[in-house]
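# Geometric and topological summary
Here are the chains, one letter per residue:
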Amino acid sequence: MDLMKIFLIALLVNNVVLMRFLALCSYIGMTSDVGQSIGMGSAVTFVTVLATAATWPLYHFVLVPLNLTFLKILVFILVIASLVQLVEFYLKKNIPGLYAAMGIYLPLITTNCAILAVTFENIDYGYSFIQSIVYAVGVSLGYLLAMVLLAGVRDRMKTSPVPKFLQGTPILFIASSLLGIAFMGFSGLIK
Amino acid sequence: MKNLWKTFKQGIIYENPLLMLMIGLCSALAVTSNVSNGIGMGLAMTFVLLFSEIFISLFRKSIPSSARMPIFIIIIAAFTTMVDLVMKAYFPELSKSMGVFIPLIVVNCIIMGRVEAFASKQKILPAIFDSFGMGLGYTWVLVGIAAVRELLGNGTFAGLQIMPQSYQPILFFILPPGGFLVFGLFISLNIWLKKRMQKPGKERA
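Residues numbered from 1 in each chain as written. Chains lettered and ligands numbered in written order. Predicted model: local features only at pLDDT ≥ 70, side-chain atom pairs only at ≥ 80, totals over all residues.

## Focus: the overall build of chain A
Across its full length, chain A carries nine helices and zero strands. Helices and strands appear in chain A in the N-to-C order α-α-α-α-α-α-α-α-α. Radius of gyration (C-alpha) of chain A: 18 Å, near the 16 Å computed for a compact globule of 191 residues. Taken along its principal axes, the extent of the C-alpha atoms in chain A is 60 × 45 × 25 Å. Taking all 191 residues of chain A together, 44% fall into the buried category. (Helix = DSSP H or I, 4+ residues; strand = E, 2+ residues; numbered from the N terminus. Rg over C-alpha atoms; globule rule 2.2 N^0.38 Å. Buried ≥ 20, exposed ≤ 12 C-beta atoms within 10 Å, placed from the backbone.)

Written out as C-alpha cells, the structure reads:
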C-alpha cells in the first residue's frame, strides 16, 4: 500500500472523528471557538506522531522479542502518559511561546482515545515504521480538520434559530451527522 | 440502603454518563451499529468499571494522592487487558467486530471520572452500587441506540429479522452519520424525560 493512499484514507475517507467516532469527548468539548480547536488539534497532531514514534519501536523491538505482547495496553498508555508529561516540561522550559499556545491542552491529551487507537492500529494493521508515521499524521490532521469544521459551524449556530428541543448538545450531533454525510462523499476517492 | 439505591438510580437517568455528563462517547457511537455489539460493549465496560471501583475503593487509604492518576490507570489497564483477552478467547467474532474499542476502554472517561470522583472517596458498598448504576446507564443507552439503528438500517434486532421482508432498509442508520443523528435525538429525549420526572416532584415539595 503506498503512503499517499494510507494518508488520504486516514485523513478523509475514514476520518477519525466523523467516520470512526474516536476522540468525540474533545470534539464536543473543545470546539466552542475556532482558535481553541486549532490549538487542541495541533497539540494532538504533535503528540500522536511522537507517540507513534515511541510505541512502534517499543512494541517490535522490546515486547515482541520478550513475548510480552499481551501487556500492550498497559505499556502504551503509560508511555503516552509519560510522554505527554515530558513534552509539557520540555516546552515549558525551552519553547515558552509554543507552550503558551498549546500547553493547556496537553494534560487533556492523555485520555484522548484517538492517540491510543492510532498506536494500536499501527500494530494491528502490520504497518512498517514509515507507514505508521504517515498514518499517524493523516489521522491527526483529520482530527484537526473535523475540529475546525465543527468550530466554524458552531460559530454560525450562535446566531441561528435552533429548534427548541435540539438546543444545546443535541444540535451538535445533528450538525456532525450532516458533516459526516458530506465526508461520505470521499469514499469514492480511493478505489 | 436508601442512599445506595439513590446512588444506583443516579447513573441511570439523572447523571447518565453518556446523555447527561457527555463522557465516554467514542465507544458508545462506534459499536452501536448492531444490538449484540452494544450489549457486549456494555457488559465489558461494566465489568471493568465494577472491578476498578472495588479495587480503588479498597485501597483508597493507601494510595498517595499525588501518585493517584498513574495508579488508577494501571488498575484500569489491568482489567481492560483481562476483558480484551477473555473476549478474544471466547467471543472471537464479537471481539473482531468491535476491534480497537475494547482496548480503548482504558481511556474511557467514564471509568476515570467515576474512579476519581466516587470510588476514591467512598466505601466499597456504595462504589459497587455506583458502578452498577453507571454501567447500566451506559448499557441501556447503548442498546437503545443500537436497537434503533439496527432496526431501521438493517431490519433486524440482534440478528433476528423483525421488519417484514418487503421493508427496504435505510442504510443511512448503520453508517456513521446515522449514529450521530440517533445519538442527538436520544440526548434530546433524555432532557425531556428528566424535565418531566422533575416537575411533579417539585410541585409536591
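## Some thoughts on the overall build of chain B
Along chain B, the regular secondary structure elements total eight helices and two strands. For chain B, the sequential pattern of α-helices and β-strands runs α-α-α-α-α-α-α-β-β-α. By the compact-globule yardstick of 17 Å for 205 residues, chain B fits well, its C-alpha radius of gyration being 18 Å. With respect to the three principal axes, the spread of C-alpha positions in chain B is 60 × 55 × 25 Å. The burial tally for chain B puts 44% of its 205 residues in the buried class. A sequence separation of at least 24 residues applies to 74% of the contacts in chain B between residues at least 6 apart. (Contact = placed C-beta atoms within 7 Å.)

## Examining the nonpolar core
Core analysis: the largest hydrophobic core is formed by 109 residues, its most contacted members being Ala23(A), Ala114(A), Leu116(A), Tyr143(A) and Cys26(B). Tallying contributions element by element places helix α8 (residues 129-157) of chain A first for this core, with 13 residues. (Core = buried A, V, L, I, M, F, W, Y, C linked by C-beta atoms within 7 Å.)

## Quick look at the interface of chain B and chain A
The interface of chain B with chain A comprises 33 residues on the first partner and 31 residues on the second. Elements with a contribution of two residues or more to the side of chain B that touches chain A: α2 (25-30), α4 (68-90), α6 (109-119) and α8 (176-204) of chain B. The element contributing the most residues to the side of chain B that touches chain A is α8(B), with 10 residues. Broken down by class, the residue content of the side of chain B that touches chain A amounts to 27 nonpolar, five polar and one charged. (Nonpolar A, V, L, I, M, F, W, Y, C, P; charged D, E, K, R; others polar.)

## Thoughts on the packing of helix α3 (residues 34-63) of chain A against helix α4 (residues 72-94) of chain A
Relative placement of two packed helices is described by the angle separating their axes and the distance separating the axes. All names here are of chain A. Orientation of α3 relative to α4, taken along the N-to-C sense of each, is 140°, at an axis distance of 10 Å. With respect to α4, the axis of α3 lies oblique. As for how α3 packs across α4, the hand of that crossing is right-handed. Facing α3, whose interface residues are Val47, Leu50, Ala51, Ala54, Thr55, Leu58, Tyr59 and Leu63, α4 presents Lys72, Val75, Phe76, Val79, Ile80, Leu83, Val84 and Val87. Considered class by class, the residues forming the contact of α3 with α4 number 14 nonpolar, one polar and one charged. (Axes fitted to C-alpha atoms, helices over the stretch in contact; angles between N-to-C directions. Parallel < 35°, antiparallel > 145°, perpendicular 65-115°, else oblique. Left-handed = near helix turned anticlockwise from the far one by under 90°.)

## Considerations on the packing of helix α1 (residues 3-13) of chain A against α8(A)
Residue and element names in this part refer to chain A. It is the contact of α1 with α8, at a shortest axis distance of 7 Å, that shows an interaxial angle of 25°. Comparing their axes, α8 and α1 come out roughly parallel. In this structure, the crossing between α1 and α8 has a hand that is right-handed. Residues Leu3, Ile6, Phe7, Ala10, Leu11 and Leu12 of α1 form the contact with α8, whose participating residues are Gln131, Val134, Tyr135, Val137, Gly138, Val139, Leu141 and Gly142. Among the residues making up the contact of α1 with α8, the classes are represented as 11 nonpolar, three polar and no charged.

## Concerning unusual backbone geometry
Residues and elements named next belong to chain A. For Phe21, which is not a glycine, the phi torsion comes out positive at approximately 60°. Within the fold, Phe21 resides in the loop between α1 and α2 (24-29). Residue Ala23 is not a glycine yet carries a positive backbone phi of 60°. Within the element layout of this structure, Ala23 appears in the loop between α1 and α2. Looking at Ala23, the number of C-beta atoms within 10 Å reads 29, which means it is buried.

## Observations regarding the environment of Ser42(A)
Note on placement: Ser42(A) falls in helix α3. Distance in space between the C-alpha atoms of Ser42(A) and Tyr143(A) is 9.2 Å, their sequence separation being 101 residues.

## Regarding helix α7 (residues 113-124) of chain A
Since one α-helical turn is 3.6 residues long, residues separated by three or four positions face the same way. Compared with an ideal rise of 1.5 Å per residue, which puts 12 residues at 16 Å, α7(A) spans 16 Å between its outermost C-alpha atoms and is within 8% of the ideal. Tucked into the core, α7(A) has its buried residues touching α3, α4, α6 (106-109) and α8 of chain A together with α2 of chain B. Gly126(A) sits one or two residues past α7(A) and shows a positive phi near 65°. (Expected span 1.5 Å × (residues − 1).)

## Notes on the confidence of the model for chain A
Looking at chain A as a whole, its pLDDT mean stands at 87, while 97% of the residues score no less than 70. When the elements of chain A are averaged for pLDDT, α6(A) gives the smallest value, 74, and α8(A) the largest, 93. (pLDDT = per-residue confidence, 0-100.)

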